[in-house]
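Letter by letter, the chains look like this.
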2 protein chains.
Amino acid sequence: MRRGLVIVNTGDGKGKTTAALGVLFRAWGRDFNVRMFQFIKHSTARFGEHRAAERIGLPIESLGDGFTWLSKDMDETTALAVAQWERCKQAILAGEEDLIVLDEFTYAMHYEWVAVSDVIETLKQRPEAMHVIITGRYAPQELIDYADLVTEMTLIKHPFEDQGIKAQPGIEF
Amino acid sequence: MRRGLVIVNTGDGKGKTTAALGVLFRAWGRDFNVRMFQFIKHSTARFGEHRAAERIGLPIESLGDGFTWLSKDMDETTALAVAQWERCKQAILAGEEDLIVLDEFTYAMHYEWVAVSDVIETLKQRPEAMHVIITGRYAPQELIDYADLVTEMTLIKHPFEDQGIKAQPGIEF
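Residues numbered from 1 in each chain as written. Chains lettered and ligands numbered in written order. Predicted model: local features only at pLDDT ≥ 70, side-chain atom pairs only at ≥ 80, totals over all residues. Heavy atoms only, no water.

Colleague: Sorry, what's going on with unusual backbone geometry here?
Modeller: Keep in mind that most residues, glycine aside, have a negative phi and that most peptide bonds are trans. A positive phi angle, near 65°, is found at E112 of chain A, a position not held by glycine. Here E112 of chain A is to be found in the loop between α4 (106-110) and α5 (116-124). Positive phi, close to 60°, is recorded for D31 of chain B, a residue that is not glycine. With respect to the helices and strands, the residue D31 of chain B is situated in the loop between α1 (16-29) and β2 (34-42). (Helix = DSSP H or I, 4+ residues; strand = E, 2+ residues; numbered from the N terminus.)

Colleague: Can you walk me through the packing of helix α3 (residues 74-94) of chain B against helix α5 (residues 116-124) of chain B in this structure?
Modeller: Pairs of packed helices are described in terms of their axes, by the angle between the two and the distance that separates them. All names here are of chain B. Across the interface, α3 lies against α5 with an axial gap of 9 Å and an inter-helix angle of 20°. In terms of orientation, α3 lies roughly parallel with respect to α5. You can see that α3 and α5 cross each other, and the crossing is left-handed. Together, W85, K89, I92 and L93 of α3 and D118, V119, T122 and L123 of α5 make up the contact between the two elements. Per-class residue counts for the contact of α3 with α5 are 5 nonpolar, 1 polar and 2 charged. (Axes fitted to C-alpha atoms, helices over the stretch in contact; angles between N-to-C directions. Parallel < 35°, antiparallel > 145°, perpendicular 65-115°, else oblique. Left-handed = near helix turned anticlockwise from the far one by under 90°. Contact = heavy atoms within 4.5 Å. Nonpolar A, V, L, I, M, F, W, Y, C, P; charged D, E, K, R; others polar.)

Colleague: Would you mind going over the environment of Y111 of chain B with me for this structure?
Modeller: Residues and elements named next belong to chain B. Here Y111 lies in the loop between α4 (106-110) and α5. A residue is classified by how much of its surface remains accessible, and Y111, at 29% relative accessible area, is partly exposed. Placed 40 residues apart in sequence, Y111 and T151 show a C-alpha to C-alpha distance of 21 Å. (Buried < 20%, exposed > 50% of the residue type's maximum accessible area, 1.4 Å probe, protein only.)

Colleague: Whenever I open this one, the nonpolar core confuses me. Can you help?
Modeller: Within soluble globular proteins, side chains that are nonpolar tend to cluster in buried spots. Grouped together as the largest cluster of nonpolar side chains are 46 residues, with contacts concentrated most on L99 of chain A together with L99 of chain B. Mapped by element, the contributors of at least two residues to this core are α1 (16-29), β2 (34-42), α2 (48-56) and β4 (99-103) of chain A together with α1, β2, α2 (48-56) and β4 (99-103) of chain B. Not counting residues up to four positions away in its chain, the partners in contact with L99 of chain A are V23, L24, A27, N33, V34, R35, H131 and I133 of chain A together with I171 of chain B. (Core = buried A, V, L, I, M, F, W, Y, C linked by side-chain atoms within 4.5 Å.)

Colleague: What should I look at first to understand the pairing of strand β1 (residues 6-10) of chain A in this one?
Modeller: Remember that side chains alternate between the two faces of the sheet whenever the strand is regular. All names here are of chain A. β1 sits mainly inside the fold: 5 of its 5 residues count as buried. Side-chain alternation along β1 places V6, V8 and T10 on one buried face and I7 and N9 on a second face that is also buried. When β1 meets strand β5 (residues 131-135), the two strands line up parallel, connected through 4 bridges. Within the sheet, the bridge partner assigned to V8 lies in β5 and is I134. Taken together, the 4 bridges between β1 and strand β6 (residues 149-157) define a ladder with parallel strand orientation. When the bridges of β6 are listed, T10 appears paired with E152. (Pairing = 2+ DSSP bridges.)

Colleague: What exactly am I supposed to notice about the interface of chain B and chain A here?
Modeller: Reports often express the size of an interface as the amount of accessible area lost when the parts come together. Contacts between the two partners involve 59 residues from chain B, matched on the other side by 60 residues from chain A. Here chain B packs against chain A, burying approximately 5300 Å² in sum over the two surfaces, 62% of which is carbon and sulfur. Looking only at chain B, the three residues that lose the most surface to chain A are F25, R26 and R30 of chain B, adding up to 16% of its buried area. Along the contact surface separating chain B from chain A lie 4 salt bridges. Here D31 of chain A ties to R55 of chain B by a salt bridge, and the two come within 2.7 Å at their closest N and O atoms. Applying the counting criterion to the chain B and chain A interface returns 28 residue pairs in polar contact (both at pLDDT 80 or more). Contributing elements (two or more residues each) for the side of chain B that touches chain A: α1, α2, α6 (141-146), β6 (149-157) and α7 (159-163) of chain B. Looking at which element gives the most residues to the side of chain B that touches chain A, the answer is α1 of chain B, with 11 residues. (Buried area = accessible area lost by both parts, 1.4 Å probe. Salt bridge = Lys/Arg side-chain N within 4 Å of Asp/Glu carboxyl O. Polar contact = N/O pair within 3.5 Å; in protein donor to acceptor, adjacent residues only side chain to side chain.)

Colleague: For this particular structure, what's the right way to read the pattern of salt bridges?
Modeller: A side chain of one charge can pair with a side chain of the opposite charge if their charged atoms are brought near each other. In the structure shown here, the tally under the stated rule is 20 salt bridges over all chains. The salt bridge partner of R26 of chain A is E49 of chain B, with a shortest N-O separation of 2.9 Å. Of this pair, R26 of chain A sits in helix α1 while E49 of chain B sits in helix α2, each in a different chain. Judged by its relative accessible area of 0%, E49 of chain B is buried. K89 of chain A is the partner of D118 of chain A in a salt bridge, and the nearest nitrogen-oxygen pair spans 2.9 Å. Of this pair, D118 of chain A sits in helix α5 while K89 of chain A sits in helix α3 (residues 74-94); the two residues are 29 residues apart in sequence, bridging distant segments of the chain. Residues joined in a network through salt bridges with shared partners are R35, E61, R87 and E97 of chain A.

Okay, here's the thing in structure tokens:
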């Protein structure tokens, strides 16, 4: 019955990370060992999900420097992403979790800081029952081809863009 | 700064409910008062999210009878959906929560068990800072027009349909 899935949440819309958080929460409810690695958010970020995760003892590990594709210090950004991927890789191969989330990891592949082939090779070597969720825009086609479940989140309407509403704490972060 | 949003997660893809759960989790991390009403899942359902929610004292109230549009007992189904909506309405108007999730509520509107106009009228009367998330396929256009943030989840690839893999506990439910 247990068959580990590779799940990708991609697209320009909202809900990619929160859907992964929802699955994490659900899996935690079933006593799964779960672990989340974040690639974009700054390692000192204390957003709603970090506070909630801390409270229930669920590890969310951020190693990003809060970079974007506009980062002025691209070498540092690349190095951090590569280092974070190495940690993820170790966790995937160690096989101690039932579910690992690589949040906003697609960017690292999209910008070629991490080779998609390395990611797929690592996923192939994971324990059979381990689920892995990867989120972020621009999921590489090779990853989509390999994944079991791929969802695209599409923006239909957004309060920031349409109405100039500020990001809401507890909802957006 | 605080401005309550009406958020709709719709479309045929996965992630509508889990994205709402993720926001719920995030909001809970910020000490928001949160509450979730489910419309489809049977009131005795003990899925991952129910176990997790119970564990952290987060109320998820299911009143559905596990109906689908193939329900053989449609009157009962309609009555349950209407009763559940009345409870939601009271909660929305009472205004004690910062975030209320109406999970899979779109079906009740789509099948005309609940009038969209009644829903929008109720949302208009809610406290200014209250966020409401509504999930489910077939979100009525009138609701989309009224909402602040609308995301469509689109299925790109699904293991059930493509590979005949069974639903995975902790991931799918």
